[in-house]
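Structural features, examined
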Amino acid sequence: MIDIPAVDRQHLLVTGATGLLGSYLVRDLLLDGQPLAVVVRRSRRESPEARIERIVSDWEIELGKRLPRPRVLAGDLTAPRCGLSDADLGWVARHCSGVLHNAASLSFRGSDRAAEPWLSNVTGTANMLDVVRATDIEHLHHVSTAYVCGLRAGTVAEDDLDVGQDFGNDYERSKVEAETMIRAATGPASVTVYRPSIIVGDSHTGFTSTYHGLFAVLRLGHTLLTKVALGSTSGPAILRLLGVAPSSKKNFVPVDWVSAVIAHGVQKPEARGRTFHVTHPEPVSNVAIGALVQEAVERYSKAASPDDPELCDEQWFADNLSAQLDVYRSYFRNDPTFDRANTEAIAGHIPCPTLDHSRLMRMAKFAIDQDFGRAPRPARRTADPVAGTLGASVG
Ligand SMILES: NC(=O)c1ccc[n+]([C@@H]2O[C@H](COP(=O)([O-])OP(=O)(O)OC[C@H]3O[C@@H](n4cnc5c(N)ncnc54)[C@H](OP(=O)(O)O)[C@@H]3O)[C@@H](O)[C@H]2O)c1
């Protein structure tokens, strides 16, 4: 442990602040007046400080108000002590009493434990726990996933973890190992776990910065329509391609709601020590997803023309996407029922926005407009009137 007297331990140390959920957590926690420190690695183009400045100043423009700046600590989870310098480790010991460990790799596949998703999720969590112990952190909060349940059916309790279940992919396995380590942590006075289901875009604006889950299937329909001249891309055809039962249901949660629940939980002493399924009370059926993909690509994607020199034949599609189809399939198996008694008890007053067709269409339009993250400049998080009006309230 670092031998430095604690002077002002008001800060919460957050990892993964540059990611989709992390950027909302930064917004919500700063708006609540929670002083933050963030562990951030540099990107190809930007320093850790510049990355956080961009995120916070974007929020300021959208909110129309000034926000305090988090203290930025350069680090990488995969390095011992998360790569924090001695000076930064000392600063954490003096100023932080809690950690919100949100960073993770969302790579689904990888058997090499020296690579992702294991490196950031398991080695990275172990390194974060070393920091927690070295700095005498009191309250540890961890963002896990509802899919630590793997391939279980029936009802999954919020405290269930490893019950001998099978898994759909390496990501799920790595998150179970991470959560197991977190729960066994002996230093902190409390360990609290948040398990979101599949995170989709912002319920008001459709904004997203990652394109997993729902967006992976949407991209499949988009690619079919824009690269292969099929004429039309039907929802049922996509579901058949994925090999998923139309009657299956998936649990999606809008990122702004997930962030609101976690930010609330982090600040409430009565939430400490519990596990929360941050999941939707009303899952969406695969039939609705198929219909959404069909309507969204027909409205927003530009269909390939038979004269297009870039046109690909169906064999190209099969060759290029067959490997990825397995990943999509593992997303779209039927979900179990996630018990959400703890979440209701602590955050029942924050209703999860209904993911109706118009809301999902807004998210789909955003993803297609952004070419699934390949558009040259990320769009601002502004509401778009084209997909219908949603109003500002949740529910
Ligand atoms: N998205 C979902 O559907 C979903 C569902 C359930 C649970 N979750 C959990 O929610 C959390 C946030 O996910 P997300 O959707 O916001 O993912 P995301 O957008 O991909 O963000 C991941 C964040 O983790 C950071 N990170 C990853 N590896 C790192 C490393 N080695 N060192 C430092 N930072 C690292 C990333 O930093 P860079 O920007 O530098 O890459 C980024 O800030 C994760 O714990 C995830 O497992 C996500």
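Residues numbered from 1 in each chain as written. Predicted model: local features only at pLDDT ≥ 70, side-chain atom pairs only at ≥ 80, totals over all residues. Heavy atoms only, no water.

**Re the site of the ligand**
Close contacts around the ligand come from 26 residues, with T18, R51, N102, Y171 and K175 the closest. Taking R51, its side chain carries an N or O atom lying 2.6 Å from an oxygen atom of the ligand. The contact in question runs from an oxygen atom of the ligand to an N or O atom on the backbone of I199, over 2.9 Å. Within the complex, 89% of the 900 Å² of free accessible area of the ligand lies under protein. Broken down by secondary-structure element, the contributors of at least two residues to the shell around the ligand are helix 1 (20–31), helix 5 (170–183) and strand 8 (198–200). (Near = heavy atom within 4 Å. Polar contact = N/O pair within 3.5 Å; in protein donor to acceptor, adjacent residues only side chain to side chain. Areas by Shrake-Rupley, 256 points an atom, 1.4 Å probe, with all protein chains shown as cover. Helix = DSSP H or I, 4+ residues; strand = E, 2+ residues; numbered from the N terminus.)

**Focus: the pairing of strand 5 (residues 139–143)**
Successive residues of a regular strand alternate their side chains across the two faces of the sheet. Of all five residues in strand 5, five are buried, a share of seventy percent or more. Side-chain alternation along strand 5 places H139, H141 and V143 on one buried face and L140 and H142 on a second face that is also buried. Where strand 4 (residues 96–101) lies against strand 5, four bridges are found, and the strand directions are parallel. In the sheet register, G98 faces strand 5, and the bridge partner there is H139. Considered for its hand, the β-α-β crossover made up of strand 4, helix 4 (residues 118–134) and strand 5 is right-handed. (Buried < 20%, exposed > 50% of the residue type's maximum accessible area, 1.4 Å probe, protein only. Pairing = 2+ DSSP bridges. Right-handed = clockwise from strand over helix to strand, strands pointing away.)

**Concerning the side chain of R27**
Residue placement: R27 occurs in helix 1. Within polar-contact distance, the side chain of R27 engages the side chain of D28 at 2.9 Å. If near-sequence neighbours (up to four positions away) are discounted, R27 is found in contact with W59, L63 and D256. (Contact = heavy atoms within 4.5 Å.)

**Description of the packing of helix 4 against helix 5**
Contact geometry of helix 4 with helix 5 gives a least axis separation of 8 Å together with a crossing angle of 10°. Of the possible angle classes, the one that applies to helix 4 and helix 5 is roughly parallel. Where helix 4 abuts helix 5, its residues W118, N121, V122, T125, A126 and L129 lie against D170, Y171, R173, S174, K175, E177, A178, M181 and I182. Class assignment of the residues belonging to the contact of helix 4 with helix 5 gives a composition of eight nonpolar, three polar and four charged. (Axes fitted to C-alpha atoms, helices over the stretch in contact; angles between N-to-C directions. Parallel < 35°, antiparallel > 145°, perpendicular 65-115°, else oblique. Nonpolar A, V, L, I, M, F, W, Y, C, P; charged D, E, K, R; others polar.)

**Structural notes on the sheet that holds strand 1 (residues 11–15)**
Sheet architecture is open: seven strands sit in the order 3-2-1-4-5-7-11, paired in parallel fashion. One side of each edge strand has no neighbouring strand; the edge strands of this open sheet are strand 3 (71–74) and strand 11 (275–278). The average angle at which neighbouring strand axes cross in this sheet is 20°, direction not considered.

**Re helix 5**
Taking 1.5 Å of rise per residue, the 14 residues of helix 5 would be expected to cover 20 Å, and the 20 Å separating its terminal C-alpha atoms lies within 8% of that figure. Burial in helix 5 covers these residues: D170, Y171, E172, S174, K175, V176, A178, E179 and I182. Looking at the buried residues of helix 5, the elements they touch are strand 4, helix 4, strand 5 and strand 7 (190–196). (Expected span 1.5 Å × (residues − 1).)

**A few points about the side chain of E60**
Examined against the element boundaries, E60 turns out to sit in helix 2 (residues 48–63). Apart from residues lying up to four places away in sequence, E60 is in contact with K65, R66, L67 and R69.

**A word on the packing of aromatic side chains**
Tallied over the entire structure, the rule returns eight aromatic pairs. Each ring, one from Y24 and one from F207, has its centre 6.5 Å from the other, and the planes form 45°; the classification is tilted. With a gap of 183 residues between them, Y24 in helix 1 and F207 in the loop between strand 8 and helix 6 (214–227) connect regions that are remote in the sequence. Side by side, Y24 and F207 carry an identical accessibility label, which is buried. (Phe/Tyr/Trp six-rings, centres within 6.5 Å; stacked < 30°, edge-to-face > 60°.)

**A word on helix 2**
Here helix 2 spans 23 Å end to end across 16 residues, near enough to the 22 Å set by a 1.5 Å rise per residue. Considered for burial, the residues of helix 2 that qualify are P48, R51, I52, I55, V56, W59 and E60. At its buried positions, helix 2 is contacted by helix 1, strand 2 (36–40) and strand 3. Of the residues one or two after helix 2, G64 is the one with positive phi, at around 70°.

**Some remarks on the nonpolar core**
L100, L218, F252, W257 and I262 are the most contacted members of the largest nonpolar core, which has 77 residues in total. There are two domains that each give this core at least three residues, and those are domain 1 (11–196) and domain 2 (214–250 + 284–335 + 351–387). In this structure, L218 is in contact with V293, A296, V297, A364, A367, I368 and F372, ignoring residues within four places of it in sequence. Counting 23 residues, the second largest nonpolar core, distinct from the first, contains L84, V92, L140 and V193. (Core = buried A, V, L, I, M, F, W, Y, C linked by side-chain atoms within 4.5 Å. Domains from an automatic or database assignment.)

**Describing unusual backbone geometry**
Cis geometry marks the peptide bond from E116 to P117, where omega comes out at 5°. Tracing the backbone shows P117 in the loop between strand 4 and helix 4. Its identity as a non-glycine residue notwithstanding, C82 has a phi of 55°, on the positive side. Looking at where C82 falls in the secondary structure, it is placed in the loop between strand 3 and helix 3 (86–95). In this structure, D371 takes a positive phi of about 50° despite not being glycine. Topologically, D371 is positioned in the segment after helix 12 (357–369).

**What about the confidence of the model for the protein chain?**
Confidence in the prediction for the protein chain averages 89 pLDDT; 87% of positions are at 70 or higher. Confidence drops under a pLDDT of 50 for residues 383–395, and excluding neighbours within four residues, the segment shows 31 contacts in the predicted structure. (pLDDT = per-residue confidence, 0-100.)

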